[in-house]
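Below are the chains, spelled out letter by letter.
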Amino acid sequence: MRLKWFTVVGAVAAAAVSVLGVLSTSAADGSSAKPSEQSLRALGTRHGLYVGTAVDMQALADAADPSYRSLVASQFSTITAENVMKWGLLEPTKGTYDWRAADELIDFARKNNQRVRGHVLVWQNQLPKWLTDGVTSGAIGKDELRALLQKHITDVVTHFKGKIWQWDVVNEALSDPWDTPNEIHYKGFWNEHYGPEYIADAFRWARAVDRDALLFYNDYNIEAFGDGGPKDKVQFLYNEVNKLLSQGVPIDGIGSQGHLATQYGNYDALQVADTIQRFADLGLAYAFTEVDVRSQMTPKVKSGDSVEVNPRLQSSAANFSALLQACLANRHCLSFTVWGFTDKHSWIPTWDFGSGKGTEGMATLYDESYQPKRALNTVKADLFYAGPPNVQPRIAHKPRRDLSAR
Ligand code: XIL
C-alpha cells in the first residue's frame, strides 16, 4: 500500500515535470527553455528560418536505426533528397520513371510538417548512363539533348508541382580557381554538349510548369567574394546572375552549398554576410543548402587523440557558426540546410576530395552514435541568442514571374 502511494506520487511528479517540459519548450518566444532542450527547428522558428538536412532514404527506412528517422522529424523543418531526385535515379531507363523513393520523402515531409527543397534538375553528375553514353557515342546530338533536358525538367517539375518550396534548378555550373585555366568559366557536361544557354532555358522551363516554387542556382565555394578579379568565383557568379536577371530569366535565389573543411582558411561571418547582402540587393533570396565541415582523419584523429580531435571539433563548430550567423543577419536568407546531420550517414568518408576516400570525416552536427557535437550546441546557441534588432524574421520571397527584361 505504502509502496503504491509512493508510486502514484512519483508518477504525478513525473507527469508534472513532463507537462512543464512541453510548455516551456513550446513557449512562443522560445526564451524560457534552455537551447539544449529545444530542437533546431523550434529554435529556427523564432526567426522564420527553416533549418534543414539532406535525407538518405535508405537510412530513413532502416528499422534497426530508429534514431535517424526520429531526428530528421524532430530537428528539421525542411528536408532535401540527398540523391533520389537526381536524374540518374529518377529515370535509370529512358522513358521509365521511378518516383517511389522521392515520393516517400515528400510523404514524410508532409506528415512531419516540413518543407521540401527539390534537388536537383540540371547537374553534370549522377546522370543516367543512357544519356551520357548516347552523347558520347554521338547517338544523341545537340537538338535531341535540348529536347531531352526540356522533357526532363517539365516531367519532374510537373510530378512534384505544389510540393516543392525551393528548386535547385542548376547546380555547379562554374569552374574553380584551382581548375585550368584558372579564370572562372562555365564547365561540365551541359556547357560542353549544349552550351551555356542551358542555364536560362532550364530556369524558364521550370517556371513554365511551376509558378510558385522558388528557383535557385546552387553551387559550392561561393561563401564570400574574393578580390573581384577573374579568379573570383563569386564575382563571376554575381555578374552572370545579374546578366540573366536583366534578360528576364526567372532566378529567385542563390544556394550556397557550404561544404567547408577545417584545414582551409574559410571565411568569417561578416565576409559571408556581406556576400549575402550583395545578392539580396539584386532582389534574390538566399539559402545555405548543403553545409558540412569536414576534417582530415589522420591516424591520431582515428585513434581519438584529443590533441588532434579537439581543434577539429572547435573549428568545425566555428565554421558552421560563421555561415549560420551570416544567414541569420540577413532577412533574405530563408533556410539553413546541412548535408546530413550525423557522422554515421555522411557522404564525406565516401568521397575523394583529393587525398583518397575515407581520409576526411567528422563533418556533421552529431557523431556516429547520434551524440551532439560542439557544432550542434554552437548552432543552437546562435539561434537561441539571436534576435532583434540585428536578427529579424525572414522576408517571404515571391517567385519571379515577370519574365520581361529588367
Ligand atoms: C552527394 C551525395 O551526398 C552522395 O551520396 C552521392 O554519392 C554524390 O552526391 N554537391 C551536391 C550534392 O550538389 O548533390 C552532392 O551529394 C554533394 C555535393
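Residues numbered from 1 in each chain as written. Predicted model: local features only at pLDDT ≥ 70, side-chain atom pairs only at ≥ 80, totals over all residues. Heavy atoms only, no water.

A.B. asks: Just checking my understanding: could you explain the overall build of the protein chain for this structure?
C.D. replies: Regarding its fold elements, the protein chain presents 15 helices and ten strands. Its C-alpha atoms give the protein chain principal-axis dimensions of about 85 × 45 × 45 Å. Split into buried and exposed, the 406 residues of the protein chain put 52% on the buried side. A fraction of 80% describes how many contacts in the protein chain between residues 6 or more apart in sequence connect residues 24 or more apart. When the accessible surface of the protein chain is summed, it comes to about 18200 Å², and 54% of that surface belongs to carbon and sulfur atoms. Here the protein chain holds 42 positive side-chain charges and 45 negative ones, and the gap between their average locations is 6 Å. (Helix = DSSP H or I, 4+ residues; strand = E, 2+ residues; numbered from the N terminus. Buried < 20%, exposed > 50% of the residue type's maximum accessible area, 1.4 Å probe, protein only. Contact = heavy atoms within 4.5 Å. Areas by Shrake-Rupley, 256 points an atom, 1.4 Å probe, with all protein chains shown as cover. Lys, Arg positive; Asp, Glu negative; His and termini not counted. Charge placed at Lys NZ, Arg CZ, Asp CG, Glu CD.)

A.B. asks: Explanation requested: helix H6 (residues 100-111) in the structure shown.
C.D. replies: Relative to the 16 Å expected for twelve residues at 1.5 Å per residue, H6 spans 16 Å between its end C-alpha atoms, a close match to the ideal helical length. Listed in full, the buried residues belonging to H6 are Ala102, Leu105, Ile106, Phe108 and Ala109. Taken down its axis, H6 places every buried residue within 160° of arc, on the same side. Of the exposed residues in H6, the ones pointing more than 90 degrees away from its buried face are Arg100, Arg110 and Lys111. In the segment just after H6, Asn113 is the residue with positive phi, at about 55°. (Expected span 1.5 Å × (residues − 1). Arc of directions from axis to C-beta.)

A.B. asks: I'm lost on the side chain of Asp210 in this one. Help?
C.D. replies: Checked against the element boundaries, Asp210 lands in the loop between helix H10 (198-209) and strand S5 (214-219). Here Asp210 occupies a buried position and makes no salt bridge, while the nearest side chain of opposite charge, Arg207, is found at 5.3 Å. Only 3.0 Å separates the side chain of Asp210 from the backbone nitrogen of Ala213, close enough to count as a polar contact. (Salt bridge = Lys/Arg side-chain N within 4 Å of Asp/Glu carboxyl O. Polar contact = N/O pair within 3.5 Å; in protein donor to acceptor, adjacent residues only side chain to side chain.)

A.B. asks: I tried to follow the nonpolar core on my own but got confused; where do I start?
C.D. replies: Within the largest apolar cluster, 105 residues are counted, with the highest numbers of intra-cluster contacts made by Met85, Leu131, Trp167, Val170, Trp190, Phe279 and Phe288. Take this core: its biggest share by element is eight residues, from H10. Other than its neighbours up to four places away in sequence, Phe279 contacts Phe225, Val234, Leu237, Tyr238, Ile254, Leu284 and Tyr286. Ranked by size, the runner-up nonpolar core spans six residues in total, among them Trp165, Leu214, Ala285 and Leu334. (Core = buried A, V, L, I, M, F, W, Y, C linked by side-chain atoms within 4.5 Å.)

A.B. asks: Looking at this model, I keep getting lost on the state of the cysteines. Mind explaining?
C.D. replies: Two cysteines, two sulfur atoms, one covalent bond between them: this is a disulfide. The full count for this structure, using the stated rule, is one disulfide. With a sulfur-sulfur separation of 2.1 Å, Cys327 is cross-linked through a disulfide to Cys333. Every disulfide takes its handedness from the sign of the S-S torsion; for Cys327 and Cys333 that torsion is -95°, giving left-handed. Assigned by exposure class, Cys327 and Cys333 land together as buried. (Disulfide = S-S within 2.5 Å.)

A.B. asks: Could you clarify how one ought to interpret the pattern of salt bridges in this entry?
C.D. replies: A side chain of one charge can pair with a side chain of the opposite charge if their charged atoms are brought near each other. This structure, assessed with the given rule, holds 18 salt bridges. Here Lys344 makes a salt bridge to Asp65, at a shortest N to O gap of 3.5 Å. Highlighted residues: Lys344 in the loop between strand S9 (333-338) and strand S10 (360-361) and Asp65 in the loop between helix H3 (57-61) and helix H4 (66-75), separated in sequence by 279 residues. The exposure class of Lys344 is partly exposed, given its relative accessible area of 41%. Here Asp168 makes a salt bridge to Arg117, at a shortest N to O gap of 2.7 Å. In this pair, Asp168 is assigned in strand S4 (residues 166-171) and Arg117 in strand S3 (residues 115-122), connecting sequence segments 51 residues apart.

A.B. asks: When you look at the packing of aromatic side chains in this model, what are you seeing that I'm missing?
C.D. replies: We describe a pair of aromatic rings using the distance from one ring centre to the other and the angle between the two ring planes. Inspection of the entire model under this criterion finds 23 aromatic pairs. For the ring pair Tyr50 and Trp165, a centre distance of 4.8 Å and an interplane angle of 55° mean the geometry is tilted. Highlighted residues: Tyr50 in strand S1 (residues 50-55) and Trp165 in the loop between helix H8 (142-159) and S4, separated in sequence by 115 residues. Judged by its relative accessible area of 24%, Tyr50 falls in the partly exposed class. Joined through ring pairs, the aromatic side chains of Trp87, Trp130, Phe189, Trp190, Tyr194 and Tyr198 make up one cluster. Looking at Arg117, its charged tip hangs above the ring of Phe216, at a distance of 5.3 Å from the centre. For the cation-ring pair, Arg278 lies above Phe225, with the distance from its terminal atom to the ring centre recorded as 3.9 Å. (Phe/Tyr/Trp six-rings, centres within 6.5 Å; stacked < 30°, edge-to-face > 60°. Lys NZ or Arg CZ within 6 Å of the ring centre and 35° of its normal.)

A.B. asks: Would you take a moment to explain the packing of helix H11 (residues 233-246) against helix H12 (residues 269-280) for this structure?
C.D. replies: If you want to describe how two helices pack, look at the angle between their axes and the distance between the axes. Where H11 contacts H12, the axes come no closer than 11 Å and their chain directions differ by 10°. Taken as axis vectors, H11 and H12 run roughly parallel relative to one another. The handedness of the crossing between H11 and H12 is right-handed. Contacts from Val234, Gln235, Leu237 and Tyr238 in H11 reach Thr275, Arg278 and Phe279 in H12. Looking at the contact of H11 with H12 residue by residue, the class counts come to four nonpolar, two polar and one charged. (Axes fitted to C-alpha atoms, helices over the stretch in contact; angles between N-to-C directions. Parallel < 35°, antiparallel > 145°, perpendicular 65-115°, else oblique. Left-handed = near helix turned anticlockwise from the far one by under 90°. Nonpolar A, V, L, I, M, F, W, Y, C, P; charged D, E, K, R; others polar.)

A.B. asks: In this structure, what is going on with the site of the ligand? I would like to understand it.
C.D. replies: Every one of the 14 residues lining the ligand counts as a neighbour, but Glu82, Lys86, His119, Asn171 and Glu290 are closest to it. Lys86 places a side-chain nitrogen or oxygen 2.8 Å from an oxygen atom of the ligand. Here the ligand, which alone exposes 410 Å², has 86% of that area covered by the protein. (Near = heavy atom within 4 Å.)

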